[in-house]
Structure formats: structure tokens, C-alpha cells
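# Descriptive analysis of the structure
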Amino acid sequence: MASVTFENVTKRFGEVVAANDQNIEIKDKEFLVLVGPSGCGKSTDLRMIAGLEEISEGVIKIGDKVVNDIPPKDRDIAMVFQNYALYPHMNVYDNMAFGLKLRKFPKEEIERRVQEAAEILSIEPLLERKPKQLSGGQRQRVALGRAIVREPKVFLMDEPLSNLDAKLRVQMRTELSKLHDRLKTTVIYVTHDQTEAMTMGDRIVVLKDGYVQQVDEPLELYNHPNNMFVAGFIGSPAMNFLDAKIVKEGDDYYTEGFGAFKVKIPDQLKDKVKDYVNKRVVFGIRPENLTDAEITHDLDITDENSFEAEVEVVEPMGSEIYLYLAVDEHSMIARVDAESEAKVGDKIKLGVYTQKMHVFDNETEEALF
């Protein structure tokens, strides 16, 4: 297996910059996920690693070898596409064996590799079938099998689960993670689905408009986003953002929403906002870090970290309830305990777990904490 390194990589399509001065280091045997909205450049990054796109500036290395001028067939990578790209006239065995036959592998070696991959993916009974006789999940396994038999240094996966239904997607996520643990390979995986990114990646690269926003482990991204874009993109439902300012009263600091709300900043975070007194900021809180203060027994929820909100929509989810709320001119979502009896039109006391709150610079959108 091998590491993959981007050193100041830029890719231009005319006036459009799809990758902007990117520096990324993908470790050997790591499962790294590239995530971001459509058009952020994640598939372009994958295609540059594969050699399907030439880079405009910078260096890409696979292991210690610079691959800028090495053709795709000599890079020792295997790619799994969104649309499976199976040959319809060949059966499963021949689809998986095709690349090895092209490279003139001995028949016995081809047989061994195909049978091993089929066993790993539990598709042994399907080897004689044509692609049209397979379900979407089975076709995806065949596409993975075709990559596995190559025994490449790096697997590249471009939204491989996006054509599957929701239940099968969850199942295949688990199976891909197990497959990575079993094969101990380097995997670079592209998705726009942040749930896939959070559940599968050892580390995640968040991209926006060709720029790397943050590279980190999933929980680090979730708990300590660098900026508002990362904070809003990672997590479902998305983080709530409210315009606010920092005020100081005695030795205490608060985020104040211009009369709509006021939340005390924990003492250990005061130093991070002392230069922002009376300045505009953005207050961020995830829906799960809000609570219906009427039913909570948590002693940490007091008048200093709660405020009034009006319930606009109630969505019972079984184990919890989503409350869509109005706080003055702001809209918020809270994930509260299923015991909540809040109804549309009610004004409830909304508690904030301040250890989990975030504050962002109003102009740069960078996180203060």
C-alpha cells in the first residue's frame, strides 16, 4: 500500500479553479473521505490522483514517487465509479477478471484473485450472472470486486453508494468499513453525504470552492470546526447560527442576540472573546445541544443559559422530537427528549448546553471557539 500527497496542487479549467493550492497528506492504509457540496472539487481531486486530469500546478505523490507525468495505467490505483461501469455482455467473473486478462496475468492467478474477492464480498453464487440480472447492491459489490482483484496501492471511490436506496446505503457503508479493515488498504473516498463521511472516514477533508477548509478526524471536525462553513456542513440537522454580540457584565461575558436571547459564556472560554466586547459575532449551537428546559432535570440549565422560543413545527421522531422554533427573527431547530410536551404556538424555555456552544467572527466566519 502507499500514502498519497498533494503539494500545492492547483487545477484550472479555463477561468474556473477546481482545486486551489491544496496540501493534503493521505497516510498509508488510511480511509480518507473528501466531502463537500457539488462543485467543490472533490471528484477533480480524485481524477487527478488517478491521472484522468492533469494538474495545473504542484506535485502529487503516490508513496515517494511523483506521478504528475505517469499515465493512469502505471499508477497502481483502482477506481470505483458511481455508475458501476460494468460490461453488460460479460458475466460477473469476466467483469472482475477483465483488467487482469488485459495485463496478461496467468490464468491460475486470475482464478485465485477473482475467487478470493468473490468470497470477501459474498458474491460467489453470482459469478455466472450478467449485470442486468443483479440488484444495485450486487452490482456495486462486483465493481468493488473488480477493483480488489487488482491489489492496487490505492483505492479511489467516487460516490459509489449514491445510486443505492437509503437502507442499502447504510448496509454498504458498514460493509465498506469492514472491507477496509480486512484489506488494510489506502482508500480515498468522495461523497457529498456528510453522514457517510462521519461514519466511514479515519479523517475527513472538507472542501469548498476548491479550497481545503479543514482536515481532521470526524469527531474533531464535529466538535471543533474551523469556521462556519465546516460547522454548518458537518452535522444533521445543521448547526443553528444566530447573529449576536459579546457583552461584559462584571467579570462575566455573554453572547447577546440583540434582545432576543442572552447566554453566559463559560468561564474557561472568556479569554477567547475578551477582545470582542460590543462587537458583532455569530452564535452557533447544534440542535442536540439545546433542551426543553421545562422537562430537563439537568442542574447546568439555569436562567443564565436559557431563553424563550416559540414553537412553529413539531416533528416526533420516536426516541426524540425535533422542534422548529422562532427566536425573534431567527429560526432554530432543537432535538429534544421525547418527553417534551411542546406544541405548535407554545412559548417554551430553551436551555443551552454552553460547553458545546460556538462563537464565530462575524466578518471572517472563523471560529473563536
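Shown above is the structure to which this text applies.
Because the structure is predicted, anything quoted here is derived from the model rather than measured. (Residues numbered from 1 in each chain as written. Predicted model: local features only at pLDDT ≥ 70, side-chain atom pairs only at ≥ 80, totals over all residues. Heavy atoms only, no water.)

## Quick word on helix α4 (residues 136-148)
Put simply, the test is: Secondary structure elements follow DSSP: runs of H or I of four or more residues count as helices, runs of E of two or more count as strands, with numbering from the N terminus. In a helix, the anticipated span is given by 1.5 Å times the number of residues less one. Exposure categories follow from relative accessible area, calculated using a 1.4 Å probe and restricted to protein chains: below 20% of the type maximum is buried, above 50% is exposed, and the middle band is partly exposed. For this analysis, residues touch if any pair of their heavy atoms sits within 4.5 Å.
Along its 13 residues, α4 runs 18 Å from first to last C-alpha, staying within 8% of the 18 Å computed at 1.5 Å per residue. Most of α4 is tucked away: ten of the 13 residues are buried. G137, Q140, R141, V142, A143, L144, G145, R146, A147 and I148 are the residues of α4 that are buried. Those residues of α4 that are buried lie in contact with β6 (77-80), α2 (92-102), α3 (107-120), β7 (154-158) and α5 (166-183).

## With respect to the nonpolar core
Rules: Put simply, a nonpolar core is a bunch of buried Ala, Val, Leu, Ile, Met, Phe, Trp, Tyr and Cys residues held in one set by side-chain atoms that sit within 4.5 Å of each other.
Counting residues in each nonpolar core, the largest one holds 46 residues, and the members touching the most others are M96, V114, I123, M157, L176, Y189 and V206. What M96 contacts, discounting residues up to four positions off in sequence, is V114, A117, A118, I123, L127, V142, G145, R146 and V149. Formed by 33 residues, the second largest nonpolar core is a distinct cluster that contains I285, F307, L350 and M357.

## Description of the sheet that holds strand β5 (residues 65-66)
What counts is decided by this rule: Being paired, for any two strands, means DSSP has found at least two bridges between them. In this description, a line fitted to the C-alpha atoms serves as the axis of each element, helices being fitted only across the stretch in contact, and the angle between N-to-C directions of two axes falls anywhere from 0 to 180 degrees.
If you trace the four strands from one edge of the open sheet to the other, you get β2-β1-β4-β5, paired in antiparallel fashion. Bordering the open sheet on either side are β2 (16-26) and β5, each of which pairs with just one other strand. Bridge count for strand β1 (residues 4-13) against strand β4 (residues 57-62) is five bridges, and the pairing is antiparallel. The residue bridging E7 from the neighbouring strand is V59, located in β4. Packing of helix α1 (residues 42-50) onto the sheet brings it into contact with β1, β2 and β4, and relative to β1 it is tilted by some 115°.

## Focus on the environment of D292
Note the cut-off: Polar contact criterion, stated in full: a pair of N or O atoms within 3.5 Å, where within protein one must be able to donate a hydrogen and the other to accept it, and residues adjacent in sequence count only if both atoms are side-chain atoms.
Turning to its location among the elements, D292 is positioned in strand β15 (residues 290-292). Between the C-alpha atom of D292 and that of V352, which follows or precedes it by 60 residues, the distance is 9.2 Å. For D292, the residues in contact, after removing those within four places along its chain, are V336, S340, E341, A342, I348 and K349. A distance of 2.7 Å separates the side chain of D292 from the side chain of S340, its partner in a polar contact.

## Some details on the pairing of strand β19 (residues 347-352)
Bridge count between β15 and β19: three bridges; the pairing is antiparallel. Pairing of D292 across the sheet is with L350, part of β19. Of the pairings in the sheet, the one linking strand β16 (residues 306-316) to β19 comprises five bridges and is antiparallel in character. Residue pairing in the sheet places A309 in a bridge with I348 of β19.

## Description of the packing of aromatic side chains
Basically, it comes down to this: Any two of the Phe, Tyr and Trp rings considered here, Trp counted by its six-membered ring, make a pair once their centres fall within 6.5 Å; the pair's planes then place it as stacked at under 30 degrees, edge-to-face at over 60, or tilted in between. By definition, being over a ring means that NZ of Lys or CZ of Arg is both within 6 Å of the ring centre and within 35 degrees of the ring normal.
Scanning the entire structure with this criterion turns up six aromatic pairs. Pairing F31 with Y189 gives two aromatic rings, centres 5.7 Å apart and planes at 40°, and the pair type is tilted. A residue pair is termed long-range when its members are at least 10 positions apart, and F31 in strand β3 (residues 31-35) and Y189 in strand β8 (residues 186-191) qualify at 158 residues. A ring pair is formed by F261 and F307, whose centres lie 5.3 Å apart and whose planes are at 40°; its orientation type is tilted. Of the two residues, F261 is situated in the loop between β12 (252-256) and β13 (262-264) and F307 in strand β16; the sequence distance between them amounts to 46 residues. Here F307 falls in the buried class, since its relative accessible area comes to 6%. Put simply, the rings of F261, F283 and F307 touch in pairs and so form one group of aromatic residues. The positively charged end of K262 is found above the aromatic ring belonging to Y254, 4.9 Å away from the centroid.

## Quick notes on the environment of E7
Checked against the element boundaries, E7 lands in strand β1. Placed 37 residues apart in sequence, E7 and T44 show a C-alpha to C-alpha distance of 15 Å. With sequence-adjacent residues up to four places away left out, E7 is seen in contact with Q22, N23, G58, V59 and K61. Separated by 3.3 Å, the side chains of E7 and K61 make a polar contact.

## Remarks on the pairing of β1
Consecutive residues of a regular strand have side chains that alternate between opposite faces of the sheet. Judged from the seven bridges that link them, β1 and β2 form a sheet pairing that is antiparallel. When the sheet's bridge partners are listed, F6 is paired in β2 with I24. What sits between the antiparallel neighbours β1 and β2 is a turn of two residues, in which G14 has the positive phi angle 65°.

## Digging into the sheet that holds strand β18 (residues 330-337)
The sheet built from five strands is open, its strands ordered β15-β19-β16-β17-β18 with antiparallel pairing. Where the open sheet ends on each side, the last strands, each with one partner, are β15 and β18. The sheet shows a mean angle of 50° between the axes of neighbouring strands, direction not considered.

Nothing here speaks to function; it is geometry throughout.
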